[in-house]
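For reference, the chains in residue letters:
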Amino acid sequence: MMQLLLPSDVVRKMRKHMFRAQRREIGGMIMGEQIADQQFRILDFSVDATSGTRSKFVRDAEQHDLVLKEFFERTGKEYHRFNYLGEWHTHPGFSVDPSLQDIYAMQDLVDGTGGVDFAVLLISRLRWFWQYDCSASLFLRDHQPVRVNIKREDPNAKTEGEL
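To keep things clear, this report deals only with the structure shown in the data block. (Residues numbered from 1 in each chain as written. Predicted model: local features only at pLDDT ≥ 70, side-chain atom pairs only at ≥ 80, totals over all residues. Heavy atoms only, no water.)

Across all of its chains, the model carries nine salt bridges by this definition. Lys77 serves as the salt-bridge partner of Glu73, at 3.3 Å between the closest nitrogen and oxygen. Judged by its relative accessible area of 48%, Glu73 falls in the partly exposed class. The class of Lys77 is partly exposed, set by a relative accessible area of 45%. Among the salt bridges present, the one from Asp97 reaches Arg147, with a minimum N-O distance of 2.7 Å. Taken together, the residues Asp97 in the loop between β4 (82–90) and α3 (100–111) and Arg147 in strand β7 (residues 146–147) connect sequence positions 50 residues apart. (Salt bridge = Lys/Arg side-chain N within 4 Å of Asp/Glu carboxyl O. Buried < 20%, exposed > 50% of the residue type's maximum accessible area, 1.4 Å probe, protein only. Helix = DSSP H or I, 4+ residues; strand = E, 2+ residues; numbered from the N terminus.)

All told, the structure shown has four aromatic pairs when counted by the stated rule. With centroids separated by 6.0 Å and ring planes inclined at 55°, the aromatic side chains of Phe71 and Phe72 adopt a geometry described as tilted. Exposure class is identical for Phe71 and Phe72. Each is buried. Ring geometry for Phe72 and Tyr79: centres 4.8 Å apart, planes at 80°, overall edge-to-face. Residue classification places Phe72 among the buried residues on the basis of a relative accessible area of 14%. Residue classification places Tyr79 among the partly exposed positions, given a relative accessible area of 43%. What links up through ring pairs into an aromatic cluster is the set Phe71, Phe72 and Tyr79. Stacked on the ring of Phe45, the Lys or Arg Lys13 has its end atom at 5.0 Å from the ring centre. (Phe/Tyr/Trp six-rings, centres within 6.5 Å; stacked < 30°, edge-to-face > 60°. Lys NZ or Arg CZ within 6 Å of the ring centre and 35° of its normal.)

For α3, which comprises 12 residues, the first-to-last C-alpha distance of 16 Å matches the rise-based estimate of 16 Å (1.5 Å per residue) to within 8%. Within the span of α3, buried status applies to Asp102, Met106, Gln107, Leu109 and Val110. For α3, the angular spread of the buried residues around the axis is 155°, confining them to a single face. What points out from α3, more than 90 degrees from its buried face, is the exposed set Leu100 and Tyr104. Where α3 is buried, its residues contact β4, β5 (118–127) and β6 (131–140). (Expected span 1.5 Å × (residues − 1). Arc of directions from axis to C-beta. Contact = heavy atoms within 4.5 Å.)

Let us now look at the sheet that holds strand β2 (residues 27–36). Sheet strands pair via backbone hydrogen bonds, and the direction of the pair is either parallel or antiparallel. Spatial ordering of the open sheet is given by β7-β6-β5-β4-β2-β3-β1-β8, a layout of eight strands whose pairing is mixed. With one partner strand each, in any of the chains shown, β7 and β8 (149–153) form the two edges of the open sheet. As judged from the five bridges shared by β4 and β5, these two strands associate in the parallel manner. Bridge pairing in β5 links Glu87 to Leu121. Packed onto the sheet, α3 meets β4, β5 and β6 and runs at close to 155° relative to β5. (Pairing = 2+ DSSP bridges. Axes fitted to C-alpha atoms, helices over the stretch in contact; angles between N-to-C directions.)

Structure, rendered in structure tokens:
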């Protein structure tokens, strides 16, 4: 089973964007590092905080591709270790489960137009204004989506927690 490590600094940055967006959906791409077989750490993400509505988000590819290019430059173009992991967006007024529209878009990414073998979809929301809640699903070519195990990483905590 795939495991996604979610560092506390990434959560803090996402929460700030989510708080500013309030009831609008926002999102972008997630980039990360492969730690071990089936284990990935999110290192960075792009965010489009302006184009979403209360119930829909579609990212502007050109804007986010620039962020991805900068990520590759920062990580020395070590594509086998550091790469695009997938997409993220918020569901401020809904559960963190993928909608049918989310599932169709991600399946199209891996089966059709995207040209990627796998992609993760991270959906998040804030509860009670600041509490971060999320889920992640793995999309593979010619397969049904499966849930991804998310593990929060906090370098200052004595223990790390499962989500």
